[in-house]
Amino acid sequence: MTNADVLSRARVAPRLPAGDLERARRFYAEKLGLEPLDERPGGLLYRCGGIDFVVFRSTGVSPGTFTQMAFEVDDLESVVAELRRRGVVFEDVDAPGFRTRDGIADIEGNYPSRGARGERAAWFRDSEGNLMGIGQPVH
């Protein structure tokens, strides 16, 4: 290992703040169908697609205006429809190069290194205001 690649093989483990951990637990269970694998005082550990993430109790900074965590799926429309059925509200996004229509945006040029010509994406906020994304590469 060289100094240049010190983190290239590291596992990424996102951390999401929660003002109310029990409210966050209910949202992740009821809306997203996720249950914590483990918990500690002040934090819930989840796993999706082999990646761990933690929702932790925080009194810190307010939620971000950028995507803080994203899920990659194979069928965006069906996932969005199911989450809507569960009460998840999707964000309207108007950004340079794309805009959501019916909660879904077509983004040209995302992930060319993975053989995709673009991505379809949607965004929602969790119970704590964290901006979450769902994406489907377009090949």
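In what follows, the structure referred to is the one given above.
Calculation rules
Residues numbered from 1 in each chain as written. Predicted model: local features only at pLDDT ≥ 70, side-chain atom pairs only at ≥ 80, totals over all residues. Heavy atoms only, no water. Pairing = 2+ DSSP bridges. Helix = DSSP H or I, 4+ residues; strand = E, 2+ residues; numbered from the N terminus. Axes fitted to C-alpha atoms, helices over the stretch in contact; angles between N-to-C directions. Contact = heavy atoms within 4.5 Å. Phe/Tyr/Trp six-rings, centres within 6.5 Å; stacked < 30°, edge-to-face > 60°. Buried < 20%, exposed > 50% of the residue type's maximum accessible area, 1.4 Å probe, protein only.

### Description of the sheet that holds strand 9 (residues 118-125)
Pairing is mixed in the open sheet, where four strands are placed in the order 5-10-9-8. The open sheet is flanked by strand 5 (69-72) and strand 8 (105-108), the only strands paired with a single partner. Shown here is a sheet whose adjacent strand axes are inclined to one another by a mean of 30 degrees, direction ignored. Across four bridges, the pairing between strand 5 and strand 10 (residues 131-138) is parallel. Across the sheet, residue Ala70 finds its bridge partner in strand 10, namely Gly133. Here helix 2 (residues 76-85) sits on the sheet and contacts strand 9 and strand 10; the angle it forms with strand 10, its principal contact strand, is near 155 degrees.

### Side note on the pairing of strand 4 (residues 51-57)
Here four bridges tie strand 1 (residues 15-18) to strand 4, and the two strands are oriented parallel to one another. When the sheet's bridge partners are listed, Ala18 is paired in strand 4 with Arg57. The hairpin turn running from strand 3 (residues 43-48) into strand 4, its antiparallel successor, is two residues long, and Gly49 in that turn takes a positive phi close to 55 degrees.

### With respect to the sheet that holds strand 3
Taken in spatial order, the four strands make up an open sheet running 1-4-3-2, and their pairing is mixed. A single partner strand is all that each edge strand has here, and the edge strands are strand 1 and strand 2 (38-40). This sheet shows a mean twist of 25 degrees between the axes of neighbouring strands, independent of strand direction. In this sheet, strand 3 lies alongside strand 2 in antiparallel orientation, the contact comprising three bridges. Bridging across to strand 3, Glu39 finds its partner in Leu44. Sitting on the sheet, helix 1 (residues 21-30) touches strand 1, strand 2, strand 3 and strand 4, and the angle it makes with strand 4 is about 145 degrees.

### Thoughts on the packing of aromatic side chains
A ring pair, where both rings are aromatic, is described by two values, the distance of the centres and the angle of the planes. Following the criterion strictly, the structure yields seven aromatic pairs and no others. On the numbers, 6.5 Å between centres and 35 degrees between planes, the contact of Phe27 with Phe124 is tilted. Linking Phe27 in helix 1 with Phe124 in strand 9, this pair joins segments that are 97 residues apart in sequence. What makes Phe27 buried here is its relative accessible area of 11%.

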